[in-house]
Amino acid sequence: MSAESPEPASAEEQKDKVLSPEKAEEAKLKARYPHLGQKPGGSDFLRKRLQKGQKYFDSGDYNMAKAKMKNKQLPTAAPDKTEVTGDHIPTPQDLPQRKPSLVASKLAG
Amino acid sequence: MTPGFGSLMQDVLWCFSQVKGTIDAGVAESDIISTVEFNHTGELLATGDKGGRVVIFQREQESKNQPHRRGEYNVYSTFQSHEPEFDYLKSLEIEEKINKIRWLPQQNAAYFLLSTNDKTVKLWKVSERDKRPEGYNLKDEDGRLRDPSMITVLRVPVLRPMDLMVEATPRRVFANAHTYHINSISVNSDYETYMSADDLRINLWNFEITNQSFNIVDIKPANMEELTEVITAAEFHPHHCNTFVYSSSKGTIRLCDMRTAALCDRHAKFFEEPEDPSNRSFFSEIISSISDVKFSHSGRYIMTRDYLTVKVWDLNMENRPIETYQVHDYLRSKLCSLYENDCIFDKFECVWNGSDSVIMTGSYNNFFRMFDRNTKRDVTLEASRENSKPRAILKPRKVCVGGKRRKDEISVDSLDFSKKILHTAWHPSENIIAVAATNNLYIFQDKVN
């Protein structure tokens, strides 16, 4: 976006020059997004800020997303799985855990 | 060479000293530095990153053989402070990004620091080990147990020197006290308590107690529809352990005194600059949101950073700041696009030098700015690999706002808004600064004659 420069102006552009740069920017924004709320600094922004943190439907959704990110193979049924099934109820310890990154910081390299 | 105290900015020539980090073309998200902090003596420099890791650098002792080389900072310790978590109840991911690090003053041989992500504060102990016991009776040097029947002689284990090992251990974990995202932590001058602040609440902790915390500020409205502002930063007074300030998204600062009430919802002082209503625009409130608040070392002033300016306030005058410095006012005519690319929400920090005579804050294009409060002069410098020859003097940079661009100037449209300097730190007593440029940490020092 170029900084405003003097040039033969239409009536509207002349009005912009009289306005502060901030108001001119506001006009630009309203032109692009006519449905933008009346109270900008109010609840919408703040609520968005308070809710930062990607939402997943549930923990299963979260773990699937993490598994995809790591390109991990879904655990295939091992031959001895048949022993486990029906033998005991799986606990969280049995399930594949998302391991945090153990890569050292490059600042320490 | 005179140290930082009393030195005027025009006497200082800033030189490149060191840069940490890699020059990879693609920056991994986890390598982005999210906080930088010197300890109280300046001997240690800590960084936190988005990957939840902390790296601590230690200043080398200055050698008599090379007096022209000021002590360099080298890696002392590094550890994983926080890990990503998942809040099962709310189906929310909790980032491991380190939002803030604050050092405790040193009271014994070990170093202590607080590090926090969005939800949990941790107290870390960093200690050195340079001796280890040797000559155990029941186990050999590898740790394998010896056969008791083979032991015929009793000996006393002795401590023998070993290669220096620096260990970081988590000593306290302060969890489950914040519904919203922690933006600040601040150690109290009593060294016994500290506070943690999120968007709507501030809690007071005792370092020894992790299962309880006092809520000292709560601005959550009964009906969330009525929410109009959030807490953006908070800090204890450097000397008065009963006093703290917190800033808001509406550009105001409240000073509170914990002696008046258990819940400090009513402020003792309220700092707000009157606004000309005719100047109000859609962006007014967003750009007035304070991203950082810092007490001066003297405790007499507070400095606030909003999107376009840095302001200094006298604690004794609530109705307006005593000084206002323009950081990058040329961005005022770019607010529309800065809103669209979310840059208008960037949270810049600000710092004082040791003598409170110069203040510093970051900008875009890896530029950072310093303002001398006495001479009213300012300078723009750049953190760049191009100026990274040892002891190379940094050349002042200038942004051209229209009209003819001089040779060395850069036009507003050429600024790289992805290169933002949000976090900087100033050594407590010397002219040494640390500047975080995305995934690189630059250290600059003043020129030693």
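Structure: above.
Residues numbered from 1 in each chain as written. Chains lettered and ligands numbered in written order. Predicted model: local features only at pLDDT ≥ 70, side-chain atom pairs only at ≥ 80, totals over all residues. Heavy atoms only, no water.

Caption draft 1: Here's a closer look at the overall build of chain B. The secondary structure content of chain B amounts to 2 helices and 32 strands. Computed over the C-alpha atoms, the radius of gyration of chain B is 24 Å, within 12% of the 22 Å expected from 2.2 N^0.38 for a compact globule of 449 residues. Overall size of chain B, expressed as C-alpha extent along the three principal axes, is 95 × 60 × 40 Å. Counting over 449 residues, chain B shows a buried share of 53%. When the accessible surface of chain B is summed, it comes to about 20900 Å², and 48% of that surface belongs to carbon and sulfur atoms. Here chain B contributes 57 positively and 64 negatively charged side chains, and the mean placements of these two sets differ by 4 Å. (Helix = DSSP H or I, 4+ residues; strand = E, 2+ residues; numbered from the N terminus. Rg over C-alpha atoms; globule rule 2.2 N^0.38 Å. Buried < 20%, exposed > 50% of the residue type's maximum accessible area, 1.4 Å probe, protein only. Areas by Shrake-Rupley, 256 points an atom, 1.4 Å probe, with all protein chains shown as cover. Lys, Arg positive; Asp, Glu negative; His and termini not counted. Charge placed at Lys NZ, Arg CZ, Asp CG, Glu CD.)

Caption draft 2: Spatial organisation of the overall build of chain A. For chain A, the helix and strand inventory stands at 5 helices and 0 strands. Along chain A, from the amino end to the carboxyl end, the secondary structure elements read α-α-α-α-α. The burial tally for chain A puts 17% of its 109 residues in the buried class. When the accessible surface of chain A is totalled, it reaches about 8700 Å², and 57% of it is carbon and sulfur.

Caption draft 3: Up close: the environment of Val399(B). Residues and elements named next belong to chain B. For Val399, the location among the structural elements is in strand β28 (residues 399-400). Residue Val399 is classed as buried on the basis of its relative accessible area, which comes to 13%. In this structure Val399 touches Tyr330, Phe367, Ile410, Val412 and Leu415, once residues within four positions along its chain are discounted. (Contact = heavy atoms within 4.5 Å.)

Caption draft 4: Seen up close, unusual backbone geometry. Residues and elements named next belong to chain B. A positive phi angle is found at Asn366, which is not glycine, with a value near 60°. Within the element layout of this structure, Asn366 appears in the loop between β25 (358-362) and β26 (367-372). Residues other than glycine seldom take positive phi values, yet Lys376 does so here, at roughly 65°. Here Lys376 is to be found in the loop between β26 and β27 (378-382).

Caption draft 5: Spatial organisation of the sheet that holds strand β30 (residues 423-426) of chain B. Residues and elements named next belong to chain B. If you trace the 4 strands from one edge of the open sheet to the other, you get β1-β32-β31-β30, paired in antiparallel fashion. Here the strands that pair on one side only, and so sit at the sheet edges, are β1 (14-20) and β30. Across the sheet, the axes of successive neighbouring strands diverge by a mean angle of 20°, strand direction being ignored. In this structure, β30 lies alongside strand β31 (residues 432-437), joined through 4 bridges in antiparallel fashion. Paired with Trp426 across the bridge in β31 is Ile433. (Pairing = 2+ DSSP bridges. Axes fitted to C-alpha atoms, helices over the stretch in contact; angles between N-to-C directions.)

Caption draft 6: Local environment of the nonpolar core. Residues and elements named next belong to chain B. Ranked by internal contacts, the top residues of the largest apolar core, which has 25 residues, are Phe283, Tyr307, Leu331, Leu338, Tyr339, Ile344 and Leu415. Among the elements of the structure, α1 (284-288) and α2 (335-340) are those that each provide at least two residues to this core. If one sorts the elements of this core by residue count, α2 sits on top with 4 residues. If sequence neighbours within four positions are ignored, Tyr307 has contacts with Ile287, Ser289, His328, Leu331, Leu335, Leu338, Cys343, Ile344, Asp346, Phe348 and Tyr364. Grouped together as the second largest cluster of nonpolar side chains are 19 residues, Met370, Leu394, Tyr442 and Phe444 included. (Core = buried A, V, L, I, M, F, W, Y, C linked by side-chain atoms within 4.5 Å.)

Caption draft 7: View of the packing of aromatic side chains. Residues and elements named next belong to chain B. Per the stated rule, a full pass over the model turns up 23 aromatic pairs over all chains. Look at Tyr339 and Phe345: their rings are 6.1 Å apart centre to centre, the planes differ by 55°, and that puts the pair in the tilted class. In this structure Tyr339 comes out as buried when scored by relative accessible area, which is 13%. Since its relative accessible area comes to 31%, Phe345 is described here as partly exposed. Through a chain of ring-to-ring contacts, three or more aromatic side chains come together here, namely Phe16, Phe368, Tyr442 and Phe444. (Phe/Tyr/Trp six-rings, centres within 6.5 Å; stacked < 30°, edge-to-face > 60°.)

Caption draft 8: Expanded view of the pattern of salt bridges. Inspection of every chain in the model, using the stated rule, returns 34 salt bridges over all chains. Measuring nitrogen to oxygen at the nearest pair gives 3.9 Å for the salt bridge that ties Glu134(B) to Arg160(B). Placement of the pair is Glu134(B) in strand β10 (residues 121-134) and Arg160(B) in strand β11 (residues 158-174), with a sequence separation of 26 residues. According to the relative accessible area criterion, Glu134(B) is buried, its value standing at 18%. In this structure, the salt-bridge partner of Glu382(B) is Arg397(B), at a minimum N-O distance of 2.2 Å. Here Glu382(B), found in strand β27, pairs with Arg397(B), found in the loop between β27 and β28; they are 15 residues apart in sequence, far enough to count as distant. Given the relative accessible area of 12%, Glu382(B) is considered buried. What makes Arg397(B) partly exposed here is its relative accessible area of 23%. Taken together, the shared-partner salt bridges connect Lys106(A), Asp24(B), Asp31(B), Asp49(B) and Arg53(B) into one network. (Salt bridge = Lys/Arg side-chain N within 4 Å of Asp/Glu carboxyl O.)

Caption draft 9: Spatial organisation of the pairing of β1(B). Residue and element names in this part refer to chain B. Of all 7 residues in β1, 6 are buried; the element is thus mostly enclosed. Taken together, the 6 bridges between β1 and strand β32 (residues 440-446) define a ladder with antiparallel strand orientation. Pairing of Trp14 across the sheet is with Asp446, part of β32.

Caption draft 10: Up close: the interface of chain B and chain A. Across the contact, 61 residues belong to chain B and 43 residues belong to chain A. Broken down residue by residue, the surface that chain B buries against chain A is led by Glu93(B), Phe282(B) and Cys336(B), which jointly contribute 15%. For the salt bridge of Lys106(A) with Asp31(B), the shortest nitrogen-to-oxygen distance reads 2.8 Å. Looking at the side of chain B that touches chain A, the elements that each hand over two or more residues are β3 (44-49), β4 (53-59), β5 (73-80), β6 (85-87), β7 (92-94), β16 (231-236), α1 and α2 of chain B. In terms of residues, the side of chain B that touches chain A owes the most to one element, α2(B), which gives 5 residues. A per-class count over the side of chain B that touches chain A returns 24 nonpolar, 17 polar and 20 charged. (Buried area = accessible area lost by both parts, 1.4 Å probe. Nonpolar A, V, L, I, M, F, W, Y, C, P; charged D, E, K, R; others polar.)

Caption draft 11: Geometry of helix α2 (residues 21-32) of chain A. In this model α2(A) runs 17 Å from its N-terminal to its C-terminal C-alpha over 12 residues, within 8% of the 16 Å that 1.5 Å per residue would give. Residues of α2(A) that are buried include every one of Glu22(A), Ala24(A), Glu25(A), Glu26(A) and Leu29(A), and no others. (Expected span 1.5 Å × (residues − 1).)

Caption draft 12: Inspection of the sheet that holds β26(B) at higher detail. All names here are of chain B. An order of β24-β25-β26-β27 is seen for the 4 strands of this open sheet, with the pairing classed as antiparallel. This sheet does not close on itself; its edge strands, each paired only once, are β24 (350-352) and β27. Between one strand axis and the next, the sheet turns through 20° on average, direction left out of account. Examined bridge by bridge, β26 and β27 share 5 bridges and lie antiparallel to one another. Note on β27: the bridge partner recorded for Arg369 is Thr380.

By themselves, these figures tell us nothing about what the structure is for.
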